[in-house]
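# Coordinate analysis (summary)
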There are 2 protein chains.
Amino acid sequence: MCLLSSPIFGLMSNIIAQRPRFTEKSPMSSAKLAKLDRTDLRILQALQGNGGLSNQQLAEAVGLSPSPCSRRVQKLEAAGIIIKRETVLDARKLGLDLTVMIQISMDRHTPERFANFEEKVASFPEVQQCYLVTGQDADYLLKVVVPDIDAYQHFLLNQITRIDGVSGVHSSFVMRRVVDTAALPLNYVEP
Amino acid sequence: MCLLSSPIFGLMSNIIAQRPRFTEKSPMSSAKLAKLDRTDLRILQALQGNGGLSNQQLAEAVGLSPSPCSRRVQKLEAAGIIIKRETVLDARKLGLDLTVMIQISMDRHTPERFANFEEKVASFPEVQQCYLVTGQDADYLLKVVVPDIDAYQHFLLNQITRIDGVSGVHSSFVMRRVVDTAALPLNYVEP
DNA sequence: GCAGGACGCGCAATGTGCTTGCTTTCTTCA
DNA sequence: TGAAGAAAGCAAGCACATTGCGCGTCCTGC
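Attention here is on the structure that accompanies the text. (Residues numbered from 1 in each chain as written. Chains lettered and ligands numbered in written order. Predicted model: local features only at pLDDT ≥ 70, side-chain atom pairs only at ≥ 80, totals over all residues. Heavy atoms only, no water.)

## Some thoughts on the interface of chain B and chain A
- Across the contact, 95 residues belong to chain B and 95 residues belong to chain A.
- Between chain B and chain A the total buried area reaches about 9,300 Å² when both faces are included, carbon and sulfur atoms providing 62% of it.
- Remark: the boundary between chain B and chain A carries two salt bridges.
- At the junction of chain B and chain A, the tally comes to 39 residue pairs in polar contact (both at pLDDT 80 or more). (Contact = heavy atoms within 4.5 Å. Buried area = accessible area lost by both parts, 1.4 Å probe. Salt bridge = Lys/Arg side-chain N within 4 Å of Asp/Glu carboxyl O. Polar contact = N/O pair within 3.5 Å; in protein donor to acceptor, adjacent residues only side chain to side chain.)

What follows is the structure in structure tokens.
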């Protein structure tokens, strides 16, 4: 029992109705969309590729002197376009060898249940991602990192399934990470 | 038709057999597991929380003077425990309003098909994640970011479904991001 | 129990890089 | 075509990261 169903080409219309269309200039979208020129996009692209770049390296990469480059980065941070810098660690080298994608379905779709579930899930350090999604198989999609199967079993039994409203759980174990990046497709963003 | 099936408590034994057990000290695991003291873990924890910390701020956060703090970070980077720094951008502010989780199943599980699929997928900037997973529903789990439904439809029809071997596609649209971080559960890592 | 060695922290100095004020240049609009 | 705004480049001041060195501590071996 899930919120919305989305087979490969079914029921897309209600999604379209819910999402703002950014091809037309509504007041809401124009307020969120910032004006960026090609230099800004090149800065973002370079920073996405390597967040550890120094200002000098970044300036050289985008063809600018360090001063305006630093100023632009500060503006992008103040505008909220650059949210934060993250440090990516090697899970294997830390003994965290098991990554699991979990589909969770709820028995009742009341706001209280959802809020309670999200609050609990957000407090678990094992949870790297938790998305509320459409689809007939699940309401939530979680990405969880644990050391091994034993730890996962404990996490599933003592944490996840104890949350009120959780009715269905399906686990998929990650065998290989083909792509894993936070980089956005900036080619869609036009100056 | 998928590689492995993993209902909630079924067929976990084959996974256990494939994964090295880190409770026992095998040569392979000891080679990967680095020795970290509490100070190292506090550094990693602090850097995970805020990758933009300066060395001075980090030193103060972990109760160290800047010199040994910088030295420890260098060691952690050289050891590969710190993989990279990432810059996280606001997708909404860039007009990238649609995030989709895609389950993909392959018709034939030959290494050539898989290698070809992974090579193609890795070249798409829309793909943020691509994991090879167990489970009866899919072989690959993808996370894709696009501006809107139109762009997603184009991406699905012209890119994904054109790859040899792709037999099934199921899309789940992300409605809300409850948790989205790269932070690992360092509480499992013991000094 | 004592001596030797190694590891790691803290201090100081140096070099590098970041940042801010100012001038110049380019662009845009009237 | 002229004027105004914005943005880039230059220079200086300053803060920060980094490296060498001395000291203390812990562990080890005799």
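## Describing the sheet that holds strand E5 (residues 166-180) of chain A
- Spatially, eight strands are ordered E2(A)-E4(A)-E3(A)-E5(B)-E2(B)-E4(B)-E3(B)-E5(A) in a closed barrel, and the strand pairing comes out antiparallel. Going from strand to strand, the sheet's axes swing by 35° on average, the running direction of each strand aside.
- Where strand E3 (residues 127-133) of chain B lies against strand E4 (residues 140-146) of chain B, five bridges are found, and the strand directions are antiparallel. Its bridge partner lying in E4(B), B:Cys130 is registered against B:Leu142.
- Set on the sheet, helix H6 (residues 111-122) of chain B makes contact with E5 of chain A together with strand E2 (98-106), E3, E4 and strand E5 (166-180) of chain B; between it and E4(B) the angle comes to about 20°. (Pairing = 2+ DSSP bridges. Helix = DSSP H or I, 4+ residues; strand = E, 2+ residues; numbered from the N terminus. Axes fitted to C-alpha atoms, helices over the stretch in contact; angles between N-to-C directions.)

## Quick word on the protein's contact with DNA strand C
- In the vicinity of DNA strand C, 14 residues are found, and the nearest of them are A:Asn55, A:Gln56, A:Ser70, B:Ser67 and B:Arg72.
- Taking all atoms of DNA strand C within 4 Å of the protein, the share assigned to sugar and phosphate is 68%.
- A:Gln56 is positioned with one of its backbone polar atoms (N or O) 3.2 Å from a phosphate oxygen of DNA strand C.
- With respect to DNA strand C, the side chain of A:Arg71 contributes an N or O atom lying 3.1 Å from a base oxygen.
- A total of five residues in the surface near DNA strand C trace back to one element, the largest contributor, which is helix H5 (residues 66-78) of chain B.
- Of the residues that constitute the surface near DNA strand C, the class distribution is two nonpolar, eight polar and four charged. (Near = heavy atom within 4 Å. Nonpolar A, V, L, I, M, F, W, Y, C, P; charged D, E, K, R; others polar.)

## Observations regarding the packing of aromatic side chains
Residue and element names in this part refer to chain B.
- Within this structure, the stated rule accounts for eight aromatic pairs over all chains.
- A centroid spacing of 5.6 Å and a plane angle of 45° characterise the contact between Phe 114 and Tyr 140, whose relative ring orientation is tilted. You can see Phe 114 sitting in helix H6 and its partner Tyr 140 sitting in strand E4, a full 26 residues away along the chain.
- Look at Tyr 152 and Phe 173: their rings are 5.7 Å apart centre to centre, the planes differ by 75°, and that puts the pair in the edge-to-face class. One end of the pair, Tyr 152, is in helix H7 (residues 149-160); the other, Phe 173, is in strand E5, with 21 residues separating them in the sequence. Phe 173 carries the same exposure label as Tyr 152, and that label is buried. (Phe/Tyr/Trp six-rings, centres within 6.5 Å; stacked < 30°, edge-to-face > 60°. Buried < 20%, exposed > 50% of the residue type's maximum accessible area, 1.4 Å probe, protein only.)

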